[in-house]
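# A look at the structure
Read off the chains here:
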Amino acid sequence: MHTESATPWLARDYVRDVSSGNVTDELANDVYRLVCRTDLSSPGFCLLNLGSNASSESLRRFMVSLKRQLQEVHQARRQRELVFLSAARFDQQTTTKLHRDGGPDECFLVLGYEPSEVRSEVVLADYSRCARDMRLTPNEFLEQHNPMFGPGAELLRPYATRVEAFSNEAAQVLLINNSSAALSKDGTTWQGVLHTATIVNPCDDKRRVVNSMMVASVPLGTVEPVSLSEQDEFITTTTVRRRGYDRQHLTDDQ
Ligand SMILES: [Fe+2]
């Protein structure tokens, strides 16, 4: 069923308070419904606020735990697996245009933002809905109107949601359906959105740490590309890669 909810989405549609730090069944089912959408009746993203006191490690532990709970929901509903394709930490202070991260046709991002003095604004655009309204598939839309290279951003303006609740002062997890799959008649393919971040006050001396994971839907029995020990390393490491700096691409930050 396709409802014609107007974008932008309201905060109550996609913002959740998770200051308890607990990944409950209720939360996992709610996040799955919001993010792993197979039609256009939910946002395709959600923002989880863990508050300003959550440590970096507890944020990352929460992210991995959430993915494992979502995996159980996915297995039960789709008889498929959810696997990590990547898990890494970046100091990300580069303003981007609306884009889709490179990845398979069906995948989502789990972005864990640590509190930072660097402020940013995040916008999501429902390009799957825009494509549907133009009688295109999401891939055709990107081929013909990619907002990275042309005026596609104008077409997407009515489909954009600025994440007003995004705060540089709290630990937050933003989940983004990053798929490019076409709508299927049997309602099983994920429908993605594009994302962008505008950095308000970038600063070489400060960090804006984004713990970044990509998760994909794969057949049962597929070996997870990121091993359990690599997942543990992701949770505990102090290494932060720097992104968007010409002179320094990688730094070991203790
Ligand atoms: Fe991205």
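Numbers given to residues run from 1 along each chain, matching the order in which its sequence is written. Thresholds applied to this predicted model are a pLDDT of at least 70 for local features of residues and 80 or more for the giving and counting of side-chain atom pairs; totals over whole chains, interfaces and linings are not thresholded and use all residues. To obtain the side-chain values, all non-hydrogen atoms of the structure were used and water was disregarded.

To obtain an axis, a line is fitted to C-alpha atoms, over the contacting stretch when the element is a helix, and the angle between two such axes runs from 0 to 180 degrees between their N-to-C directions. Only DSSP runs of H or I covering at least 4 residues are called helices, and only runs of E covering at least 2 are called strands; the numbering of each starts at the N terminus. Contact pair helix α2 (residues 25-35) / helix α3 (residues 56-78): the axes reach a minimum separation of 9 Å and the direction vectors enclose 70°. Of the possible angle classes, the one that applies to α2 and α3 is roughly perpendicular. Facing α2, whose interface residues are D25, L27, A28, N29, V31 and Y32, α3 presents F62, Q69, L70, V73, H74, R77 and R78. Gly falls in the polar group here, along with every residue not listed as nonpolar (Ala, Val, Leu, Ile, Met, Phe, Trp, Tyr, Cys, Pro) or charged (Asp, Glu, Lys, Arg). Residues that form the contact of α2 with α3 fall into these classes: seven nonpolar, three polar and three charged. Geometric relationships in this document are graded by angle, where less than 35 degrees denotes roughly parallel, more than 145 denotes roughly antiparallel, 65 to 115 denotes roughly perpendicular, and other angles denote oblique. Here, residues are in contact when the closest pair of their heavy atoms is within 4.5 Å.

Moving on, we come to the layout of surface pockets. The method works on a 1 Å grid over the protein atoms by themselves. A cavity is a set of points holding a 1.4 Å probe that cannot get out, a pocket is an open set with protein on both sides within 12 Å along at least five of seven lines, and residues with an atom within 4 Å of a point line them. Grid points are joined across faces, edges and corners, and a volume is the space filled by probe spheres set on the points. Of the volumes computed, that of the largest pocket is approximately 390 Å³. For the lining of the largest pocket, the secondary structure elements donating two or more residues are β3 (80-92), β4 (107-113), β7 (171-177), β8 (194-199) and β9 (209-219). Considered class by class, the residues forming the lining of the largest pocket number 12 nonpolar, eight polar and three charged.

This next bit is on the pairing of β8. Exposure classes here rest on a 1.4 Å probe applied to the protein chains alone. A residue is buried below 20% of its type maximum, exposed above 50%, and partly exposed in between. Among the six residues that make up β8, five are buried, leaving the element largely enclosed by the rest of the structure. The pairing criterion for strands is at least two bridges between them, as found by DSSP. One ladder, built from six bridges, connects strand β5 (residues 120-125) with β8; its direction is antiparallel. Residue pairing in the sheet places V123 in a bridge with T196 of β8.

The subject of this paragraph is the sheet that holds β8. Pairing is antiparallel across the open sheet formed by three strands, whose spatial order is β6-β5-β8. Edge positions in the open sheet fall to β6 (160-162) and β8, since each of these has one partner strand only. For this sheet, the mean angle separating the axes of adjacent strands, direction not counted, is 20°.

This part takes up the pattern of salt bridges. By definition here, a salt bridge exists when the distance from a side-chain nitrogen of Lys or Arg to a carboxyl oxygen of Asp or Glu is within 4 Å. All told, the structure shown has 13 salt bridges when counted by the stated rule. A salt bridge links R162 to E121; the nearest nitrogen and oxygen atoms lie 3.2 Å apart. Highlighted residues: R162 in strand β6 and E121 in strand β5, separated in sequence by 41 residues. Overall, E121 belongs to the partly exposed group, its relative accessible area being 34%. Between R162 and E164 there is a salt bridge, with its nearest N and O atoms 2.9 Å apart. Looking at R162, the relative accessible area reads 38%, which means it is partly exposed. Each of R16, D30 and R33 takes part in salt bridges that share partners, so that together they form one network.

For R16, the position within the fold is in strand β1 (residues 15-17). Residue classification places R16 among the buried positions, given a relative accessible area of 17%. By the criterion applied in these results, polar contacts are pairs of N or O atoms within 3.5 Å in which, for protein atoms, one can donate a hydrogen and the other can accept it, and in which residues neighboring in sequence qualify only through two side-chain atoms. At 2.5 Å, the side chain of R16 and the side chain of D30 are in polar contact. Leaving out residues up to four positions away in the same chain, R16 has contacts with D30, R33, L34, L47, L48 and N49.

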